[in-house]
Amino acid sequence: MSEHDWQHMALALELARSAKGQTAPNPLVGAVVVKDGMVVGLGTHVKAGEPHAEVHALRMAGEHAKGADLYVTLEPCSHQGRTPPCARAVIEAGIRRVVVAVEDPNPRVAGAGIRLLQEAGLEVSVGICAAQAKRLNEVFFHYIGTKKPFVTVKTASTLDGKIATRTGHSRWITGEESRKRVHRLRREHDAILVGVQTVLADNPELTAREDGEVRGRQPLRVILDSRLRIPADARVICDGHAPTLIYTSDKAPSARQQELEQRGVEVVRLPDGVGIERVLESLGQRGVTSLLVEGGSAVNGSFLEAGAIQKVIQFFSFKLIGGQGAPTSYGGQGFAEMQDAIPLADVEVEMIGSHDLCITGYPVWG
Ligand code: NDP
Ligand code: ZN
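What counts as what
Residues numbered from 1 in each chain as written. Chains lettered and ligands numbered in written order. Predicted model: local features only at pLDDT ≥ 70, side-chain atom pairs only at ≥ 80, totals over all residues. Heavy atoms only, no water. Pairing = 2+ DSSP bridges. Helix = DSSP H or I, 4+ residues; strand = E, 2+ residues; numbered from the N terminus. Axes fitted to C-alpha atoms, helices over the stretch in contact; angles between N-to-C directions. Contact = heavy atoms within 4.5 Å. Right-handed = clockwise from strand over helix to strand, strands pointing away. Near = heavy atom within 4 Å. Polar contact = N/O pair within 3.5 Å; in protein donor to acceptor, adjacent residues only side chain to side chain. Areas by Shrake-Rupley, 256 points an atom, 1.4 Å probe, with all protein chains shown as cover. Buried < 20%, exposed > 50% of the residue type's maximum accessible area, 1.4 Å probe, protein only. Phe/Tyr/Trp six-rings, centres within 6.5 Å; stacked < 30°, edge-to-face > 60°. Lys NZ or Arg CZ within 6 Å of the ring centre and 35° of its normal. Core = buried A, V, L, I, M, F, W, Y, C linked by side-chain atoms within 4.5 Å.

Student: Quick rundown of the sheet that holds strand β1 (residues 30-35)? Include the residues and the values.
Tutor: The strands that make up a sheet are held in pairs by hydrogen bonds between backbone atoms, and each pair lies either parallel or antiparallel. Across the sheet, five strands lie side by side as β2-β1-β3-β4-β5; this open sheet has mixed pairing. Lying at the two open borders of the sheet, with one neighbouring strand each, are β2 (38-44) and β5 (123-126). Adjacent strand axes in the sheet meet at a mean angle of 15°, parallel and antiparallel pairs treated alike. In the sheet, strand β3 (residues 69-72) pairs with strand β4 (residues 97-100) via four bridges, with the strands oriented parallel. Within β4, the position partnered with Y71 by the bridge is V99. Lying over the sheet, helix α1 (residues 3-17) contacts β1, β2, β3 and β4, oriented at roughly 145° with respect to β1. Across the sheet, helix α2 (residues 53-61) lies against β1, β2 and β3, angled at about 140° from β2, the strand it touches most.

In structure tokens form, the structure reads like this:
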């Protein structure tokens, strides 16, 4: 691998990133065609059903693709989907060498695209910028590998880690800019999840809003409520802005279930109780690939104890609340010893406006 290979793949990754939030259920993919050291074609997969990144890049390159190198962030596909297989298009365009960041984990591809290229006599290099390429499609890689949604736990706390005061008051902990960011985050997820206690305390809408208006794609709203204590007039039940799904257990009265179902809400009874693993399996089966967990303390604690968090986004406001009884970001039992603490990798720290801090990281499970 040369310095140029890194540069061209970095460009392909940048192109892929430019379509963030608009390619579902497909991954983000970018491609660059290089001939004699010059970039002659650029491509991004912009939307499911539209041409793949390689096809756009090859079209731009035209005749220059003959004898050129192709850099692509994900293995070219080998199967006939909504569009013809890209590996064939690459061969037919006369590309000489293909540099692939990472193999496609989709079982319909999984190396078959690379083999097709090699069998046609093309030189193929795999693995350059692989970690970045996987992170770029973190949801896609996780969902394909586990059949469960990629879980991001987002919390907003004061500097002393409190997510509400001792009386349960939590509006607002962070400033407007952070809250705007949260609405964007919601739009990027297939579903949002909270515990029933948060619905009782805050009566949240759990919608993605812009300037106060419910706008764009709305995630599925998921509530964990083993006894169906949710009020029938809660916003998530009545406002009709997005579908709502409640996970409950056999402890819940049937009459309550009927009452909620009549209001258009789906209620799923889990026979073994509302455990995190069961909930994730069920959401995965429904095709939910990404889940944003928004608390409260008890629910976040359960996800932590289940080892079921792929990403943490924590907003801190420069405020102090104090109070033994005020809930912290992650409740539940917690770990007994420091060596059990879960470290975060690839941590990013960002100031949001002048009053909040946002820390993002990836838990490393032992
Ligand atoms: P939660 O919102 O976490 O809800 C907990 C309840 O959910 C449990 O009591 C339980 O009720 C039900 N539940 C069902 N299954 C599970 C499970 N597997 N794990 C955990 N709970 C489950 O409650 P908290 O009281 O901890 O948090 C609420 C507080 O947090 C409020 O004051 C709210 O304002 C604040 N908050 C702050 C946020 C912030 O970012 N600043 C975000 C969200 C909330 P049951 O047994 O009846 O099923
Ligand atoms: Zn393709």
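Student: Outline the pairing of strand β12 (residues 266-269), listing residues and values.
Tutor: Here four bridges tie strand β11 (residues 244-248) to β12, and the two strands are oriented parallel to one another. Along β12, the bridge assignment pairs L245 with E266. Each parallel crossover has a hand, and the one from β11 via helix α10 (residues 254-262) to β12 is right-handed.

Student: Account for the site of ligand 1, with residues named and values stated.
Tutor: A156, T198, S226, A298 and S302 are the nearest of the 26 residues found near ligand 1. Measuring from an oxygen atom of ligand 1, one finds a side-chain N or O atom of R227 at 2.9 Å. Backbone polar atom of V274 to a nitrogen atom of ligand 1: 2.8 Å apart, as the coordinates give it. Here ligand 1 has 920 Å² of accessible area as a free molecule, and 83% of this is covered by the chains.

Student: Any chance you could break down helix α6 (residues 138-146) for me, citing the residues and the numbers?
Tutor: Those residues of α6 that sit buried are E138, F140, F141 and H142. On its buried side, α6 packs onto α5 (130-136), β6 (150-158), β14 (311-317) and β16 (356-363). Residue K147 follows α6 closely and has a positive phi angle near 65°.

Student: Account for the pairing of β6, naming residues and giving values.
Tutor: In terms of burial, β6 is largely enclosed, as nine of its nine residues are buried. Of the two faces of β6, the one carrying F150, T152, K154, A156 and T158 and the one carrying V151, V153, T155 and S157 are both buried. Across four bridges, β6 lies against strand β13 (residues 290-293) in parallel orientation. The residue of β13 that forms the bridge with V151 is L291.

Student: Report on the packing of aromatic side chains, specifying residues and quantitative values.
Tutor: With the rule as written, the count across this model stands at one aromatic pair. Where F140 meets F141, the ring centres are 5.8 Å apart and the plane angle is 90°; that geometry is what we call edge-to-face. Residue placement shows R135 over the ring face of Y362; its charged tip is 3.5 Å from the ring centre.

Student: Explain the nonpolar core to me, using residue names and the numbers behind them.
Tutor: V33, V90, I95 and V98 are the most contacted members of the largest nonpolar core, which totals 42 residues. Sort the elements by how many residues they give to this core and α1 lands first, with five residues. Residues contacting V33, with those up to four places away along its chain left out, are M38, V39, V40, G41, A57, L58, A61, A65, A68, D69, L70 and I95. Core analysis: the next-biggest nonpolar cluster, separate from the first, contains 24 residues, L270, L283, F303 and L304 among them.

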